[in-house]
Amino acid sequence: MIRATLVLAILFAACAAPARAHPGQSLDLTAGIETYFDDNTLNYSAHQLEDLASGRHPYRFGVGSPGDLVFKPALGLLWQSDRDSDRRRALGASAAGEMYGRSVVANSGEYGVLWREGFRIGRLSLAYRRSPQEYLRRLSDADLAFLPSSQRYRDVAVDLHRVSAAWRQAVPRLSWIDLGYTFERRRYPGAFRERDSDLHRGTLAVGWERMPRGGRLALSAGLRKLDARAEDGDEPPGAVPDEPDLSDHALLLGASGGLDLGVAAGLGIAGEVEYDLESRGYDSDRPADDSHFGRQDLIQAVELALRIRSEGPWSARAFYRAQHNRARYGSTDTQESEIGGYRANQAGLALEWRRQVGSRGRPKGR
């Protein structure tokens, strides 16, 4: 999957680059590689980490260790057109991969397209992305009744479709205000169809740019709602489904900012910081659903980064990210392989190369 999407994107770029550019148009090619170490790639809880380290349940976990080195290559192509003084259009296509040093079962890829239309009063963006095999983790499968209970586990990947829309507009005393909506459709293998779900997320963000010393600040708030199927259809008529219900609702808050730190050896250096908070409540009304009934999560994430820009096409970004999910349960702690409370840390480096591979200026007199 990863190789196929990257090869398609490379062929698309190679064919598009020499294509005839029309007046007022440009074609940009972007290539990047991000590598980082994640000490808990699958977000295991403290209890699950102890279980994994003990080796008592080798079938329960699809990885040999919680931490791994991750590589994420990416390739993108963006075509832009100045239709007139008040209009600007952009079309883009991209592909990316996610490859793990030891846990190859978690390798995945994604691809997407973008349409952006700029008007005098604002900008409209529409995007679609798909990840056909986004690895979740190894889950218990009750349908494997012919195996001992300690071996009834199966690696699970989700087919993820994401559609998003956003409107950004300049406003007085602010640089911009952004209103966004995202819809995700998640489809699981047949043995886990009760996890099929649709996610809705709406956000409102405001931003300040051109502050002293190149400072910039953004604040955001939003709501999230996940509706899960929560049944696999094999229950007798009138019976209460015994599958887990992943449905939830959440409040989202975020803040991010940056500051130019100066220039050294011809390189521009900037510092960045981001904080995200999510207060999530699960909607399961099944007391037997130990992992979700009465559960409340508080998810916090902090990221610190240092960005370096050259006068040429290269830029680099070093970052550290820490995430903590504090889960409180209505009954007992999360069971077996379900996602519970966890801590995860990432530290890495991202390199990006961007070059205009085609352009044509606007004709004189227009």
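Residues numbered from 1 in each chain as written. Predicted model: local features only at pLDDT ≥ 70, side-chain atom pairs only at ≥ 80, totals over all residues. Heavy atoms only, no water.

**Student:** Explain the overall build of the protein here, please?
**Tutor:** Looking only at helices and strands, the protein features two helices and 14 strands. Every one of the 366 residues in the protein was classed for burial, and the buried ones make up 39%. Sequence-distant contacts in the protein: of pairs separated by 6 or more residues, those separated by 24 or more amount to 63%. (Helix = DSSP H or I, 4+ residues; strand = E, 2+ residues; numbered from the N terminus. Buried < 20%, exposed > 50% of the residue type's maximum accessible area, 1.4 Å probe, protein only. Contact = heavy atoms within 4.5 Å.)

**Student:** So what exactly am I meant to see when it comes to the packing of aromatic side chains here?
**Tutor:** For any pair of aromatic rings, the description rests on two quantities: the centre-to-centre distance and the angle between the ring planes. A complete count under the given rule lists three aromatic pairs for this structure. When the ring of Y44 is compared with that of F61, the centres are 5.3 Å apart and the planes differ by 85 degrees; the resulting orientation is edge-to-face. On the criterion of sequence distance, the pair formed by Y44 in the loop between β1 (25-38) and α2 (46-54) and F61 in the loop between α2 and β2 (68-84) is long-range, its members being 17 residues apart. The pair formed by Y44 and F61 is uniform in burial state, with each residue classed as buried. (Phe/Tyr/Trp six-rings, centres within 6.5 Å; stacked < 30°, edge-to-face > 60°.)

**Student:** Sorry, what's going on with the pairing of strand β7 (residues 176-187) here?
**Tutor:** Along a regular strand, successive side chains alternate from one face of the sheet to the other. With 11 bridges joining them, strand β6 (residues 153-169) and β7 adopt antiparallel strand pairing. What sits directly across from H161, in β7, is R185. Relative to strand β8 (residues 197-211), β7 runs antiparallel, the two being bridged by 11 bridges. Pairing of E184 across the sheet is with L199, part of β8. (Pairing = 2+ DSSP bridges.)

**Student:** What am I meant to see in unusual backbone geometry here?
**Tutor:** In terms of backbone geometry, most residues other than glycine have negative phi values and most peptide bonds are trans. Of note, the phi angle at R210 is positive, near 55 degrees, even though the residue is not glycine. The residue R210 is located in strand β8 in this model. The exposure class of R210 is exposed, given its relative accessible area of 72%. Positive phi, normally seen in glycine, also occurs at R213, with a value near 60 degrees.

**Student:** Could you clarify how one ought to interpret the nonpolar core in this entry?
**Tutor:** Note that soluble globular proteins tend to have their nonpolar side chains buried in a common cluster. Residues Y36, L42, Y44, L52, F61, V63, V70, Y100, A106, Y135, A305 and F319 constitute the largest nonpolar core, which totals 12 residues. If near-sequence neighbours (up to four positions away) are discounted, F61 is found in contact with Y44, Q48, D51, L52 and R138. Judged by nonpolar contacts, the second largest core, of five residues, contains V156, V158, Y188 and F192. (Core = buried A, V, L, I, M, F, W, Y, C linked by side-chain atoms within 4.5 Å.)

**Student:** Please explain the pattern of salt bridges as it appears in this structure.
**Tutor:** Here the idea is simple: oppositely charged side chains can pair when their charged atoms come close. Considering all chains together, one arrives at 28 salt bridges under this definition. Note that E98 is salt-bridged to K72, the shortest N-O span being 3.6 Å. Of this pair, E98 sits in strand β3 (residues 87-100) while K72 sits in strand β2; the two residues are 26 residues apart in sequence, bridging distant segments of the chain. With relative accessibility at 29%, the residue K72 sits in the partly exposed group. Where D155 meets R138, a salt bridge forms, and the shortest distance between an N and an O atom there is 3.1 Å. Of this pair, D155 sits in strand β6 while R138 is found in strand β5 (residues 123-140), placing the two residues 17 residues apart along the sequence. What makes D155 partly exposed here is its relative accessible area of 31%. You can call R138 buried: its relative accessible area is 17%. Here the salt bridges do not stand alone but share partners, grouping E272, E303, R307, R317 and R321 into one network. (Salt bridge = Lys/Arg side-chain N within 4 Å of Asp/Glu carboxyl O.)

**Student:** What am I meant to see in the pairing of strand β10 (residues 248-264) here?
**Tutor:** Relative to β10, strand β9 (residues 215-228) runs antiparallel, the two being bridged by 11 bridges. Looking at β10, one finds that K225 is bridged to H249. Sheet analysis places β10 next to strand β11 (residues 267-282), joined by 16 bridges and oriented antiparallel. When the sheet's bridge partners are listed, G262 is paired in β11 with I269. Where β10 folds back onto β11 in an antiparallel hairpin, the turn is made up of two residues, including A265, whose phi is positive at roughly 55 degrees.

**Student:** Looking at this model, I keep getting lost on the side chain of D196. Mind explaining?
**Tutor:** Within the secondary structure layout, D196 lies in the loop between β7 and β8. Accessibility expressed as a relative area gives 8% for D196, which makes it buried. Other than its neighbours up to four places away in sequence, D196 contacts R186, R187, Y188, D227, A228 and R229.

**Student:** What is the right way to look at the environment of A93 in this model?
**Tutor:** Assignment of secondary structure puts A93 in strand β3. Residue A93 is classed as partly exposed on the basis of its relative accessible area of 22%. Expressed as a C-alpha distance, the spacing of A93 and L78, which sit 15 residues apart in the sequence, is 6.7 Å.

**Student:** What exactly am I supposed to notice about the confidence of the model for the protein here?
**Tutor:** The predicted coordinates ought not to be read in detail in places where the model reports low pLDDT. Mean pLDDT over the protein works out to 88, with 88% of the residues at or above the 70 mark. Confidence drops under pLDDT 50 across residues 5-21; counting only partners more than four residues distant or on other chains, this segment forms 22 contacts. (pLDDT = per-residue confidence, 0-100.)

**Student:** Teacher, can you tell me more about the environment of L349 here?
**Tutor:** Mapped onto the elements of the fold, L349 is located in strand β14 (residues 342-360). Separated by 316 residues in sequence, L349 and I33 have C-alpha atoms that sit 8.5 Å apart. Residues within four places of L349 in sequence aside, it is in contact with I33, E34, T35, A316, R317, A318 and F319.

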